[in-house]
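Residue strings, one per chain:
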Amino acid sequence: MHTKAKHWNDKAPVNNIFEQLIDGIEAANANLGMVITSGTIAESAVKAAEEYAEATGIQIELVDGDQFAKLLIEQGIGKW
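Just so it is clear, the model here is predicted, and its values are computed rather than measured.

Digging into the confidence of the model for the protein chain
On average, residues of the protein chain score 83 in pLDDT, and 78% of them reach the 70 mark or higher. Here helix α1 (residues 18-28) is the element of the protein chain with the lowest mean pLDDT, 88, and strand β2 (residues 59-63) is the one with the highest, 94.

What about unusual backbone geometry?
The backbone phi angle of Asn29 is positive, close to 55 degrees, even though this residue is not glycine. Residue Asn29 is classed as exposed on the basis of its relative accessible area of 70%.

Examining the packing of α1 against helix α2 (residues 43-56)
Orientation of α1 relative to α2, taken along the N-to-C sense of each, is 25 degrees, at an axis distance of 11 Å. In terms of their interaxial angle, α1 and α2 are classed as roughly parallel. Considering the relative orientation of α1 and α2, their crossing is right-handed. Contact with α1, carried on its side by Phe18, Ile22, Ile25 and Glu26, involves Ala45, Ala48, Ala49 and Tyr52 of α2 and no other residues of that element. Across the contact of α1 with α2, the residue classes tally to 7 nonpolar, no polar and 1 charged.

Notes on the nonpolar core
Among the nonpolar cores identified, the biggest contains 12 residues, and these are Ile17, Phe18, Leu21, Ile22, Ile25, Val35, Ile41, Ala45, Ala49, Tyr52, Ile58 and Ile60. Among the elements that line this core, the one with the most residues is α1, at 4 residues.

Points about a nonpolar patch on the surface
Taken together, the side chains of Met34, Ile36 and Phe68 define a hydrophobic patch exposed on the protein surface, amounting to about 260 Å² of accessible area. Relative to the helices and strands, Ile36 resides in strand β1 (residues 32-36).

Focus: the pairing of β1
For a regular strand, side chains alternate in direction, first toward one face of the sheet and then toward the other. Residues Gly33 and Val35 of β1 are buried on one face, while the alternating residues Leu32, Met34 and Ile36, pointing to the opposite face, are not. Alignment of β1 against β2, held across 5 bridges, turns out to be parallel. Across the sheet, Leu32 pairs through a bridge with Gln59, a residue of β2. In the classification by handedness, the crossover that spans β1, the intervening α2 and the parallel β2 is right-handed.

Calculation criteria
- Residues numbered from 1 in each chain as written.
- Predicted model: local features only at pLDDT ≥ 70, side-chain atom pairs only at ≥ 80, totals over all residues.
- Heavy atoms only, no water.
- pLDDT = per-residue confidence, 0-100.
- Helix = DSSP H or I, 4+ residues; strand = E, 2+ residues; numbered from the N terminus.
- Buried < 20%, exposed > 50% of the residue type's maximum accessible area, 1.4 Å probe, protein only.
- Axes fitted to C-alpha atoms, helices over the stretch in contact; angles between N-to-C directions.
- Parallel < 35°, antiparallel > 145°, perpendicular 65-115°, else oblique.
- Left-handed = near helix turned anticlockwise from the far one by under 90°.
- Contact = heavy atoms within 4.5 Å.
- Nonpolar A, V, L, I, M, F, W, Y, C, P; charged D, E, K, R; others polar.
- Core = buried A, V, L, I, M, F, W, Y, C linked by side-chain atoms within 4.5 Å.
- Patch = residues over 30% accessible without salt bridge, like charges linked within 9 Å, V, L, I, M, F, W, Y side chains within 5 Å.
- Areas by Shrake-Rupley, 256 points an atom, 1.4 Å probe, with all protein chains shown as cover.
- Salt bridge = Lys/Arg side-chain N within 4 Å of Asp/Glu carboxyl O.
- Pairing = 2+ DSSP bridges.
- Right-handed = clockwise from strand over helix to strand, strands pointing away.

Here you go:
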């Protein structure tokens, strides 16, 4: 398993983390990559994930802040 974190910045949507993620996928011989952000995911990141999946057969799942919040609520995470 490979884990990568990116510091939150509301003015920089996730897109350039792909090089690091792909390096990690390949180093770990993983069959899935995932980007979860509290912010937004740039269209260039969506395109990069699609191109990588087409070229390698390895999916990169993208979860933006809105999707992440919905998942947390659906799973009851954060309720004390």
